[in-house]
Amino acid sequence: MGRKFFVGGNWKCNGTIEEVNKIVSTLNGGEVPSQDVVEVVVSPPFVFLPLVKSSLRPDFHVAAQNCWVNKGGAFTGEVSAEMLDNLSIPWVIIGHSERRLILKESNEFVGDKVAYALSQGLKVIACIGETLEQREAGSTMEVVAAQTKAIAAKVSNWTDVVLAYEPVWAIGTGKVATPAQAQEVHSELRKWLQANVSPDVAASTRIIYGGSVTAANCKELAAQPDVDGFLVGGASLKPEFIDIIKSAE
Ligand code: PEP
């Protein structure tokens, strides 16, 4: 089963209206492979979602960077999956390491969020990844398997899930995983899905890599058989994001 290449841009907590307009205008002018070849999704901060959605080229889509774990209500500062659906925001990023580590989101909480967002019709980019300490202790697979297990425990239909493997030591550090390191974890994750979810889900679920992806390193990473695309932070704010999208070809 073919897995369409996926490139996500996580703008994190960055941007002004002027900067957002500039990024959108660069994206809108970029020559990239067709939607048959690559799915492109950019994720601005919540407040810019309507602006980006209305001004972005129609072949690129938008994602929120988070949503609440359940139905909305008395949860000050949160944004619910229903609200995103109401605004026709098709995607949401859940479980980014910055939320897991800084805001202490547990594996179970992330699993609940993924399941709730899917139940409301959103598609989910679910992030997993080990810290440097965990990698050096040799527990990378144990950590990402536990994170994936907490998602698998709550999710029965994986059609609308993209799994983003993002080693924490590579995020925003300039220390990209080598193609072999990324391939090793992606391949192990696929085996985990095969053994613990189903062979079909293992074959069809896109596993994308995130962590200091740039125009300079994306081609080699994209050539790995189990790397189905990227989640890009810093470089998604720059014109080189177009070159990263082109690595789909
Ligand atoms: C991210 O935050 O998802 C990310 C991959 O960031 P960067 O590309 O800047 O390392």
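Let us look at the structure shown here. (Residues numbered from 1 in each chain as written. Predicted model: local features only at pLDDT ≥ 70, side-chain atom pairs only at ≥ 80, totals over all residues. Heavy atoms only, no water.)

### Some thoughts on the overall build of the chain
Secondary structure assignment for the chain yields eleven helices and eight strands. Compactness check: the chain gives a C-alpha radius of gyration of 17 Å against a globular reference of 18 Å for 249 residues, within 12% of the reference. When the backbone C-alpha atoms are referred to their principal axes, the chain occupies close to 45 × 45 × 35 Å. A total of 249 residues make up the chain; the buried ones form 54% of that total. Partitioning the contacts of the chain with sequence separation of at least 6, the portion at a separation of at least 24 is 73%. Carbon and sulfur atoms form 53% of the exposed surface of the chain, whose accessible area is close to 11,100 Å². Across the chain, the 22 positively charged side chains and the 28 negatively charged ones have centroids separated by 1 Å. (Helix = DSSP H or I, 4+ residues; strand = E, 2+ residues; numbered from the N terminus. Rg over C-alpha atoms; globule rule 2.2 N^0.38 Å. Buried < 20%, exposed > 50% of the residue type's maximum accessible area, 1.4 Å probe, protein only. Contact = heavy atoms within 4.5 Å. Areas by Shrake-Rupley, 256 points an atom, 1.4 Å probe, with all protein chains shown as cover. Lys, Arg positive; Asp, Glu negative; His and termini not counted. Charge placed at Lys NZ, Arg CZ, Asp CG, Glu CD.)

### Here's the deal with the state of the cysteines
Taken as a whole and judged by the stated rule, the model has zero disulfides. We note that C67 lacks a disulfide partner, and the nearest cysteine sulfur, in C127, lies 12 Å from it. Residue C67 is classed as buried on the basis of its relative accessible area of 0%. A disulfide-free cysteine, C218 has its sulfur positioned 19 Å from the sulfur of C127, the nearest such atom. In this structure C218 comes out as buried when scored by relative accessible area, which is 1%. (Disulfide = S-S within 2.5 Å.)

### Overview of the site of the ligand
As a structural note, the neighbourhood of the ligand is formed by 14 residues, with K12, H96, E166, G172 and S212 the closest of them. One nitrogen or oxygen atom from the side chain of H96 is found 2.7 Å from an oxygen atom belonging to the ligand. For the ligand, whose accessible area on its own is 300 Å², the fraction buried by protein is 95%. (Near = heavy atom within 4 Å. Polar contact = N/O pair within 3.5 Å; in protein donor to acceptor, adjacent residues only side chain to side chain.)

### A short note on the pairing of strand β4 (residues 91–94)
Alternating residues of β4 divide into W91 and I93 and V92 and I94, and every residue in both groups is buried. Where strand β3 (residues 60–64) and β4 come together, two bridges link them in parallel fashion. Within β4, the residue paired with A64 across the bridge is V92. Following the chain from β3 across helix α3 (residues 81–86) to the adjacent parallel β4, one finds a crossover that is right-handed. (Pairing = 2+ DSSP bridges. Right-handed = clockwise from strand over helix to strand, strands pointing away.)

### A short note on helix α5 (residues 107–119)
The terminal C-alpha atoms of α5, which comprises 13 residues, lie 18 Å apart, in line with the 18 Å expected from a rise of 1.5 Å per residue. Regarding α5, the residues found buried are V110, G111, K113, V114, A115, Y116, A117 and L118. Among the structural elements, α3, β4, α4 (97–102), β5 (123–128), α7 (140–152) and β6 (161–165) are those in contact with the buried residues of α5. (Expected span 1.5 Å × (residues − 1).)

### A word on the packing of aromatic side chains
Within this structure, the stated rule accounts for five aromatic pairs. Their ring planes at 35 degrees and their centres at 4.5 Å tell us that W68 and F75 sit as a pair that is tilted. Ring pairs connect the aromatic residues W68, F75 and F109, which therefore count as one cluster. Of note, R57 hangs over the ring of F60, and the distance from its end group to the ring centre comes to 4.3 Å. (Phe/Tyr/Trp six-rings, centres within 6.5 Å; stacked < 30°, edge-to-face > 60°. Lys NZ or Arg CZ within 6 Å of the ring centre and 35° of its normal.)

None of the figures reported here should be taken as evidence of function without further support.
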